[in-house]
Amino acid sequence: MTELLLPSLLLIICIVVIGYGANLLTRGAAAIALKLNVSTLVIGLTVVAMGTSMPELTVSLSAAIQGSGDISIGNILGSNILNIFLILGITALLRPLRVAKSTAWYELPFLLFVSLLLWFFCSDKELGFADSSTLSWWEGTILFILFILFLIYTIWLGKRREERVVEKIKEDRIEPEVLPIPLWKSSLLVLIGLGLLVVGGKYFTEQAVQIAKLLGVSEAFIGLTIVALGTSIPELATSIAAALKGDADMAVGNIVGSCIFNILLILGLVSMINPLPVSGITRLDFIMVVAAPLLLLFCAFFFGKRKIMRYEGAILLLCYVAYTVLLLNNTGVF
């Protein structure tokens, strides 16, 4: 097991580098948007929201370029499963979470739709369309077009001037504090952030592949577990910190938005650049990805009156534990 120490340590260092790079990139991009007279609310709904998905984008793109497509898809599926079942489960246990009307009526059903669409796109072999399943460039293009449409919807929602609508948005998203920074400095932050993301993503992927080889497990398993957890640490830390401060209502909207970005932006963009073979992902993984928004919808409408209560958080958490046990069992770890 000592041979795992070095790649594990390097993996942790890469996570820190990626997280710091994403923070710098987000700060710089937000400051530039502010210079262009974009409202802080819209910045929060777009730039900051996409910033939280930067670790997933960096790792998935790097993995695809290096020929480890299973890590790319496993990372996104694992992140979405972890975001809803683990992060929202823990956060709801600490404090019941309110689900805004816009999230309950529009964004959660949309997340369910794109999750089902992704499952369909990745089921070429099961449906008899081909000998192997691949997320092709044209399927990635469809996902990316849907991302553009979702982004337009998000910006439209943020620019609505009626106080009633703005308050609905603020029910589950906070308006970020964007500091005015000189253009040269904000541009430098963007460049440095991008550099750290590229370097961190490259070495993160290399260490993840190395760990998979040492453990004798598939790259898909590593993507669904270790890589997903590593790239979701920013969301986990932010949500827990917000819950401890009594300001956790924004967690649901942010997590749902992040899951939508993960599928449409990241898998759409990555598969457009390099089609992704789907070999190590199982039906169980897709079932969990679809079940996550479905269970959230059920909780929002049938039990807590647009609230995720503590016992519902416990159910989400138990679902993640059960999934992890099944994943480990199927992989032959125990």
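Scroll up to find the structure.
Below, the structure is looked at part by part. From a predicted model like this one, the values you see are computed outputs, not experimental measurements.

Our next topic: the overall build of the protein. When its secondary structure is counted, the protein shows 12 helices and four strands. Taking all 334 residues of the protein together, 51% fall into the buried category. Restricting the contact set of the protein to residue pairs at least 6 apart, pairs at least 24 apart contribute 84%. Of the accessible surface of the protein, which amounts to about 15,100 Å², a share of 69% is contributed by carbon and sulfur atoms.

This next bit is on the side chain of S136. Assignment of secondary structure puts S136 in the loop between strand 2 (134-135) and helix 6 (137-159). A polar contact is formed between the side chain of S136 and the side chain of W138, at a distance of 3.0 Å.

For helix 5 (residues 101-121), which comprises 21 residues, the first-to-last C-alpha distance of 30 Å matches the rise-based estimate of 30 Å (1.5 Å per residue) to within 8%. Within helix 5, the axis deviates most sharply at E107, by approximately 35°, and proline P109 lies no more than four positions further along. Buried within helix 5 we find S102, T103, A104, E107, L108, L111, L112, V114, S115, L117, L118 and F121.

Among the nonpolar cores identified, the biggest contains 84 residues, and L118 and L143 are the most heavily contacted of them. Top contributing element to this core by residue count: helix 10 (residues 250-273), with 13 residues.

Attention now goes to the layout of surface pockets. When its volume is computed, the second largest pocket comes out at roughly 250 Å³. Surrounding the second largest pocket, M54, L57, T58, L61, S62, I65, Q66, L194, L197, V198, G201 and K202 form its lining. Elements supplying a minimum of two residues to the lining of the second largest pocket: helix 3 (54-65) and helix 8 (183-215). The element best represented in the lining of the second largest pocket is helix 3, accounting for six residues. Residue classes in the lining of the second largest pocket are distributed as seven nonpolar, four polar and one charged.

The gaps left among the atoms become clear once a water-sized probe is rolled over them. If you walk through the whole model with that rule in mind, you get one cavity of 30 Å³ or more. Its boundaries defined by the atoms lining it, the largest cavity holds a volume of some 30 Å³. In this structure, the largest cavity is lined by N80, I84, L111, S115, C259, V289, A292 and P293. Of all the elements in the fold, those that place two or more residues in the lining of the largest cavity are helix 4 (69-94), helix 5 and helix 11 (283-302). Ranked by residues supplied to the lining of the largest cavity, first place goes to helix 11 with three residues.

Reading the values: the criteria
- Residues numbered from 1 in each chain as written.
- Predicted model: local features only at pLDDT ≥ 70, side-chain atom pairs only at ≥ 80, totals over all residues.
- Heavy atoms only, no water.
- Helix = DSSP H or I, 4+ residues; strand = E, 2+ residues; numbered from the N terminus.
- Buried < 20%, exposed > 50% of the residue type's maximum accessible area, 1.4 Å probe, protein only.
- Contact = heavy atoms within 4.5 Å.
- Areas by Shrake-Rupley, 256 points an atom, 1.4 Å probe, with all protein chains shown as cover.
- Polar contact = N/O pair within 3.5 Å; in protein donor to acceptor, adjacent residues only side chain to side chain.
- Expected span 1.5 Å × (residues − 1).
- Bend = angle between axes of the 7 residues up to and from the residue.
- Core = buried A, V, L, I, M, F, W, Y, C linked by side-chain atoms within 4.5 Å.
- 1 Å grid on protein atoms, 1.4 Å probe; cavity = no way out; pocket = protein on both sides within 12 Å on 5 of 7 lines; lining within 4 Å.
- Points joined across faces, edges and corners; volume = space filled by probe spheres on them.
- Nonpolar A, V, L, I, M, F, W, Y, C, P; charged D, E, K, R; others polar.

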